[in-house]
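# Survey of secondary and tertiary structure
Okay, here's what each chain looks like letter by letter:
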Amino acid sequence: MPFMPFYYFDWTIIILLPALLLSVWAQANVNGTFKKYAKVYNRRGYTGADIARKILDMNGLYQVRIEHVSGNLSDHFDPKTNVVRLSDATYGSHSVGALGVAAHEVGHAIQHATGYAPIRVRNGIVPLVNVCNWLSMPILLIGVVFAGLGGVFPSLIDVGILLFSATVLFQLITLPVEFNASRRAMDTLTNQHLLDEEEARGAKAVLRAAALTYVAAALSAISSLLRLIILFGGRRDD
């Protein structure tokens, strides 16, 4: 028999390519956009921390603290400790990009305080999603390896795929949460005249670029789930 360099081509890899390309482009785009508007400073001299504190106080959230954390674009709101954490690139920066990011994270604090349904659902399922994500691949692989034995093992394939679908659900719920936080941020920055029209366009461009990274993450999760179904869904009948 002649030497065969390739015994099998997994064509399902093609399913992942659009999401992969979008993810790479989205990450490069958000980094480039933030870098661009990190050089555009607001005329009122606000820092990211100033804007965060101002918007929190406007909404009566005096108890929410603001902390400085290391890193670049590692900004986040921690609902457990009620703290908005702003990164090196945001906390003390006067740029319109930093102000947009800071306002976005405060948007999450406002969502949490007002009981915004999608963020309550997302926060509530985080422990479950973490467990499902940890168990899905081992259970799926055990099901595939022992599928030929019959009995309970073929059903483990379905269990593994079902567990992985929790990741997809989490990514889908994340979309309205992030979009809403950005909308709240821009509404406040413009309606309260914290940024002028030109500055607001820069902040909006940064938040729009960041939103695409969440779209890419959701598409990646959906594509991975579809690939698992195509690859292993039929094994239950083997």
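Before reading further, recall that the structure is shown in the block above.
These lines cover the structure that appears in this document, whether it is placed above or below. (Residues numbered from 1 in each chain as written. Predicted model: local features only at pLDDT ≥ 70, side-chain atom pairs only at ≥ 80, totals over all residues. Heavy atoms only, no water.)

### Some remarks on the overall build of the protein chain
The cut-off we apply is this: Numbered from the N terminus, helices here are DSSP runs of H or I no shorter than four residues, and strands are runs of E no shorter than two. A radius of gyration in this sense is built from C-alpha atoms; the matching globule rule multiplies 2.2 Å by the number of residues raised to 0.38. A 1.4 Å probe rolled over the protein chains alone gives each residue an accessible area, and that area as a share of the maximum for its type sets the label: buried under 20%, exposed over 50%, partly exposed in between. Two residues form a contact once any of their heavy atoms are found within 4.5 Å. In short, Shrake-Rupley with a 1.4 Å probe defines the accessible areas, and a residue's cover is counted only from the protein chains shown. Neither His nor the chain termini are counted; the positive set is Lys and Arg, and the negative set is Asp and Glu. Where a charge lies is defined by one atom per residue type: Lys uses NZ, Arg uses CZ, Asp uses CG and Glu uses CD.
Looking only at helices and strands, one finds six helices and three strands in the protein chain. The N-to-C order of helical and strand elements in the protein chain reads α-α-β-β-β-α-α-α-α. Taken against the 2.2 N^0.38 rule, which gives 18 Å for 238 residues, the C-alpha radius of gyration of the protein chain at 22 Å runs more than 25% over that of a compact globule. Taking the principal axes of the C-alpha coordinates as reference, the protein chain spans close to 75 × 40 × 30 Å. Within the protein chain, buried positions represent 44% of all 238 residues. Taking contacts inside the protein chain between residues at least 6 apart in sequence as the whole, the part at least 24 apart equals 72%. Accessible surface computed for the protein chain: about 12,800 Å², of which carbon and sulfur atoms make up 64%. Across the protein chain, the centroid of the 20 positively charged side chains sits 2 Å from that of the 17 negatively charged ones.

### Considering the sheet that holds strand 3 (residues 83-86)
How we decide: Note on pairing: two strands pair once DSSP finds at least 2 bridges between them. Whenever a helix is involved, its axis is fitted only over the stretch in contact; in every case the axis is a line through C-alpha atoms, and angles between N-to-C directions fall within 0 to 180 degrees.
With mixed pairing, three strands are arranged side by side in an open sheet as 1-3-2. Here the strands that pair on one side only, and so sit at the sheet edges, are strand 1 (65-68) and strand 2 (76-78). On average, each strand axis in the sheet is tilted by 25 degrees relative to the strand beside it, whichever way the strands run. Contacts from helix 2 (residues 48-58) reach strand 1 and strand 3, with the element oriented near 165 degrees to strand 1. The strands touched by helix 3 (residues 96-114) are strand 2 and strand 3; relative to strand 2, the strand with the most contacts, the crossing angle is about 25 degrees.

### Overview of the pattern of salt bridges
The criterion, for reference: Salt bridges, as used here, are contacts in which a Lys or Arg side-chain nitrogen is within 4 Å of a carboxyl oxygen on Asp or Glu.
Throughout the structure, instances matching the rule amount to eleven salt bridges. Between Arg 53 and Asp 57 there is a salt bridge, with its nearest N and O atoms 3.1 Å apart. With Arg 53 and Asp 57 both in helix 2 and four residues apart, this pair spans about one turn of that helix. Looking at Arg 53, the relative accessible area reads 25%, which means it is partly exposed.

### Details of unusual backbone geometry
Even without being glycine, Leu 73 reaches a positive phi, approximately 60 degrees. Position of Leu 73 relative to the elements: it lies in the loop between strand 1 and strand 2. For Leu 73, a relative accessible area of 31% puts it in the partly exposed group. If you check the backbone angles, Asn 82 has positive phi at about 60 degrees while not being a glycine.

### Here we look at the nonpolar core
Filter applied, for reference: Working definition of a nonpolar core: buried Ala, Val, Leu, Ile, Met, Phe, Trp, Tyr and Cys residues. They are joined through side-chain atoms within 4.5 Å.
Core analysis: the largest hydrophobic core is formed by 25 residues, its most contacted members being Ile 51, Ile 55, Leu 56 and Leu 189. Per element, the largest residue contribution to this core is six residues, and it comes from helix 3. Those residues within four positions of Leu 189 in sequence are excluded, and the remaining contacts are Ile 51, Ile 55, Leu 99, Gly 100, Ala 103, Leu 194, Leu 195 and Ala 203. Of all hydrophobic cores here, the second largest spans eleven residues; its members include Leu 140, Val 168, Leu 225 and Leu 231.

### Quick word on the packing of helix 2 against helix 3
Worth spelling out the cut-off: For classification purposes, angles smaller than 35 degrees are called roughly parallel, those larger than 145 roughly antiparallel, those between 65 and 115 roughly perpendicular, and all remaining angles oblique. The sense of a crossing depends on the near helix, which, turned anticlockwise from the far helix by less than a right angle, makes the crossing left-handed and, turned clockwise, makes it right-handed. Throughout this entry, Asp, Glu, Lys and Arg are counted as charged residues, while Ala, Val, Leu, Ile, Met, Phe, Trp, Tyr, Cys and Pro are counted as nonpolar. The remaining residues, Gly among them, count as polar.
Packing of helix 2 against helix 3 leaves a shortest axis separation of 8 Å and a crossing angle of 30 degrees. The orientation of helix 2 with respect to helix 3, classified from their angle, is roughly parallel. Here the hand of the crossing between helix 2 and helix 3 comes out right-handed. Across from Gly 48, Ile 51, Ala 52, Ile 55 and Leu 56 in helix 2, the residues of helix 3 making contact are Ala 98, Leu 99, Ala 102, Ala 103, Val 106, Ala 109 and Ile 110. For the contact of helix 2 with helix 3, the class distribution of residues is eleven nonpolar, one polar and no charged.

### So, helix 6 (residues 197-232)
Where we set the bar: By this rule the span expected of a helix is its residue count minus one, scaled by 1.5 Å. Polar contacts, as counted here, are pairs of nitrogen or oxygen atoms within 3.5 Å of one another; within protein the pair requires one atom able to donate a hydrogen and one able to accept it, and residues that are adjacent in sequence qualify only if both atoms are side-chain atoms.
Taking 1.5 Å of rise per residue, 36 residues should cover 52 Å, and helix 6 covers 53 Å from first to last C-alpha, within 8% of that figure. Here helix 6 starts with a cap whose side-chain oxygen sits 3.2 Å from the backbone nitrogen of Glu 198, and that cap is Asp 196.

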